[in-house]
Amino acid sequence: MVRLRYFASLREALGTGDERLELPEGITTVAQLTAWLQTRGAEWQQALADPRLHTARNQSVVKADAPVCDGDEIAWFPPVTGG
Amino acid sequence: MIRVQQADFDPGAELETQRLRCAGRAGAVVSFTGLVRDFNDGATVARLALEHYPGMTEKVLQKIAADAIGKWQLVDAVIIHRVGPLDPNDRIVFVAAASAHRRDAFRACEHMVDALKTDAPFWKREDTPQGRRWLR
């Protein structure tokens, strides 16, 4: 199982902020997982295509070529605006 | 010391707690308090909602404080950030750097504020008379 998290405007666009799923067959990187999620429909295709999105693996920011393993927590989010 | 909380904080009380923790080892404390403005990009902001990534937020703030302590040899560093609904003029963030010397305290405080703006997973949503919008 992997845990997937979405935040802020992305969470609202996708209608979910947190889900768990069996890592799909053949998916080994964040980029592949993003592409797999985009096949879920037009909203997913469009929302996850935003080039400004950041990804985190186990709560550390990573690039799209980062590996994804069973048990990971992967997050997608727009640029941060705190402070 | 880092904290993420919905509740307001008292900068005076936080500085006093920090002063007691320093126990004579610090000669200078520089602090920063961030407030919610009632305007942004020309729009009047009625309310702000702050979302964050629980778990990652604390890790990032901890790292920002530890990095500052290492780089400027601080005696103590404090970062407090609020989440949830906030009104104009509310306190939103507090950063305090205690050092043996004022120069390090000034620099470390500014660095921590800058770092949390670029690295910490917080997102602001504004409620304006024109509707809700996420800040970019």
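Preceding this paragraph is the structure being described.
An account of the accompanying structure is given in this report. (Residues numbered from 1 in each chain as written. Chains lettered and ligands numbered in written order. Predicted model: local features only at pLDDT ≥ 70, side-chain atom pairs only at ≥ 80, totals over all residues.)

Side note on the packing of helix 2 (residues 56-72) of chain B against helix 3 (residues 102-119) of chain B
All names here are of chain B.
Logical step 1: Where helix 2 contacts helix 3, the axes come no closer than 10 Å and their chain directions differ by 155°. The pairing of helix 2 with helix 3 is recorded here as roughly antiparallel in orientation. The handedness of the crossing between helix 2 and helix 3 is right-handed. For the pair formed by helix 2 and helix 3, the contact residues are Val60, Leu61, Ile64, Ala65, Ala68 and Trp72 on the first element and Asp104, Arg107, Ala108, His111, Met112, Ala115, Leu116 and Asp119 on the second. (Axes fitted to C-alpha atoms, helices over the stretch in contact; angles between N-to-C directions. Helix = DSSP H or I, 4+ residues; strand = E, 2+ residues; numbered from the N terminus. Parallel < 35°, antiparallel > 145°, perpendicular 65-115°, else oblique. Left-handed = near helix turned anticlockwise from the far one by under 90°. Contact = placed C-beta atoms within 7 Å.)

With respect to the sheet that holds strand 2 (residues 18-21) of chain A
Residue and element names in this part refer to chain A.
Logical step 1: Taken in spatial order, the five strands line up as 2-1-5-3-4 in an open sheet, and their pairing is mixed. Every interior strand has two partners, whereas the edge strands, strand 2 and strand 4 (60-62), have only one. Strand-to-strand twist across the sheet, computed as the mean angle between neighbouring axes with direction ignored, equals 30°.
Logical step 2: Pairing of strand 3 (residues 54-57) with strand 4 involves three bridges; the strand directions are antiparallel. The residue bridging Ala56 from the neighbouring strand is Val61, located in strand 4. (Pairing = 2+ DSSP bridges.)

Focus on the interface of chain B and chain A
Logical step 1: If you look at the interface, chain B gives 18 residues, while chain A gives twelve residues.
Logical step 2: Of all elements in the fold, only helix 2, helix 3 and strand 9 (122-128) of chain B reach the threshold of two or more residues within the side of chain B that touches chain A.
Logical step 3: Here the residues of the side of chain B that touches chain A are counted per class, giving eleven nonpolar, three polar and four charged. (Nonpolar A, V, L, I, M, F, W, Y, C, P; charged D, E, K, R; others polar.)

What to know about the pairing of strand 3 of chain A
The side chains of a regular strand alternate, first on one face of the sheet and then on the other.
Logical step 1: Across four bridges, strand 3 of chain A lies against strand 5 (residues 73-77) of chain A in antiparallel orientation. Looking at the pairing, Ala56 of chain A lines up with Ala75 of chain A of strand 5 of chain A.

A look at the sheet that holds strand 6 (residues 76-82) of chain B
All names here are of chain B.
Logical step 1: Taken together, the four strands give an open sheet; going across it, the order is 1-6-8-2, and neighbouring strands pair in mixed fashion. Two strands lie at the open edges of the sheet, namely strand 1 (2-5) and strand 2 (28-35), each paired on one side alone. Going from strand to strand, the sheet's axes swing by 10° on average, the running direction of each strand aside.
Logical step 2: As defined by bridge partners, strand 2 adjoins strand 8 (residues 91-99) across eight bridges and the pair is classed as antiparallel. Bridging across to strand 8, Val29 finds its partner in Ala98.

With respect to helix 2 (residues 30-38) of chain A
Residues and elements named next belong to chain A.
Logical step 1: Within the span of helix 2, buried status applies to Val30, Leu33 and Leu37. One side of helix 2 holds all its buried residues, which, seen down the axis, span an arc of 60°.
Logical step 2: Contacts from the buried residues of helix 2 go to helix 3 (42-47), strand 3, strand 4 and strand 5. (Buried ≥ 20, exposed ≤ 12 C-beta atoms within 10 Å, placed from the backbone. Arc of directions from axis to C-beta.)

Quick look at the pairing of strand 9 of chain B
Residue and element names in this part refer to chain B.
Logical step 1: Summarising the sheet, strand 5 (residues 47-52) and strand 9 pair through six bridges and their orientation is antiparallel. In the sheet register, Arg47 faces strand 9, and the bridge partner there is Asp127.
Logical step 2: For strand 9 and strand 10 (residues 131-134), the ladder comprises four bridges, and the chain directions are antiparallel. Bridging across to strand 10, Arg125 finds its partner in Trp134.
Logical step 3: What sits between strand 9 and strand 10 in their antiparallel hairpin is a turn of two residues.

Brief notes about helix 2 of chain B
Logical step 1: Relative to the 24 Å expected for 17 residues at 1.5 Å per residue, helix 2 of chain B spans 24 Å between its end C-alpha atoms, a close match to the ideal helical length.
Logical step 2: Downstream of helix 2 of chain B by a residue or two, Gln73 of chain B has a phi angle that is positive, lying close to 50°. (Expected span 1.5 Å × (residues − 1).)

Points about the nonpolar core
Logical step 1: Judged by nonpolar contacts, the single largest core of 53 residues is most densely connected at Ile64, Ala68, Ile79, Ala97 and Met112 of chain B.
Logical step 2: When near neighbours in sequence (up to four residues on either side) are disregarded, Ala68 of chain B contacts Leu74, Ala77, Ala97, Ala108, His111 and Met112 of chain B. (Core = buried A, V, L, I, M, F, W, Y, C linked by C-beta atoms within 7 Å.)

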